[in-house]
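Per-entry structural report
Each chain, letter by letter, is given below.
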Amino acid sequence: IMDKNIFIEKVTALFLSHGPRTLTMDDIAKEFSISKKTLYQMYSNKEEILKEVMIYSLQTIFKVIRENSKKYDDPLAFFLLSADETLEDIFVDKRDAFFHQMIKYYPEIFRGHIIKVYEEMNDVFTENIIKGREMGIFRKDFDHDMYTKFYIQLVSSVGDSLLFVEESNDKCAFRDKVVDFYLNAILTEKGKENLKELKENDKKD
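Owing to the predicted nature of the structure, the values given are computational and were not obtained by experimental measurement.

Some thoughts on the overall build of the protein
The helix and strand tally for the protein stands at 10 helices and 0 strands. Each helix and strand of the protein, placed in order from N terminus to C terminus, yields the pattern α-α-α-α-α-α-α-α-α-α. Evaluated residue by residue, the protein yields a buried proportion of 41% over its 205 residues. Pairs at least 24 apart in sequence give 68% of the contacts found in the protein among residues at least 6 apart. Within the protein, one finds 31 positive and 38 negative side-chain charges whose respective centroids are separated by 3 Å.

Below is the structure:
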């Protein structure tokens, strides 16, 4: 039997390519040249595989986010640059069909995924907010747990909200606006000046 990590990595690509509803246990067994009996010895049903696929995808993305969090000394730079680079991997990349099928046909698994996104993101955001507050660039009078929920809800709503139909045509631009909205809600005057400077420097580069 192949290494489990290799199996999950390859089966994740299969689900993204074919869709969680379309891909069957038969398809998976054939792709890996194993019998259905062997596959069912590994997993009792497709839902079990899907749960591991979602966990694997999340761990892969947040490994990068955490590495970026350590890389940027300035927490504002982390939010502006790193979050900008990695948010599309969570919400607004080319996997719309996959996520729409998850929402429609596997709502409990997807709900668990979004809760894990919040928990992981809140941990990273909290570390950077504490650092930013010590630097005087983030306000101290807001509930960062709640603001993280607002942030995730906004970013994940594009494509599903009747209010953002036009914005769904350019999801990267929408993502950038959400990042701006979030940052301006938590920044001090000093933080806003730093943000302006960072953006100007980014344009020069």
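Things to note about helix α6 (residues 96-105)
Each α-helix turn comprises 3.6 residues. Residues three or four places apart therefore point the same way. Along α6, the residues that are buried comprise Phe-98, Phe-99, Gln-101 and Met-102. Across the axial projection of α6, the buried residues extend over an arc of 160°, all falling on one side. Of the exposed residues in α6, the ones pointing more than 90 degrees away from its buried face are Ala-97 and Lys-104.

Topic: the nonpolar core
Nonpolar side chains tend to gather and get buried jointly when the protein is soluble and globular. Of all hydrophobic cores here, the largest spans 31 residues; its most connected members are Phe-79, Phe-125, Phe-138, Tyr-151, Tyr-182 and Leu-183. Put simply, the parts of the chain that give this core at least two residues each are α4 (46-71), α5 (75-92), α7 (107-135), α8 (144-157) and α9 (171-186). Residues in contact with Tyr-182, not counting those within four places in the same chain, are Phe-79, Phe-125, Ile-129, Tyr-147 and Tyr-151. By size, the runner-up hydrophobic cluster in this structure holds 22 residues, among which are Phe-7, Leu-23, Tyr-43 and Met-102.

Criteria and cut-off values
Residues numbered from 1 in each chain as written. Predicted model: local features only at pLDDT ≥ 70, side-chain atom pairs only at ≥ 80, totals over all residues. Heavy atoms only, no water. Helix = DSSP H or I, 4+ residues; strand = E, 2+ residues; numbered from the N terminus. Buried < 20%, exposed > 50% of the residue type's maximum accessible area, 1.4 Å probe, protein only. Contact = heavy atoms within 4.5 Å. Lys, Arg positive; Asp, Glu negative; His and termini not counted. Charge placed at Lys NZ, Arg CZ, Asp CG, Glu CD. Arc of directions from axis to C-beta. Core = buried A, V, L, I, M, F, W, Y, C linked by side-chain atoms within 4.5 Å.

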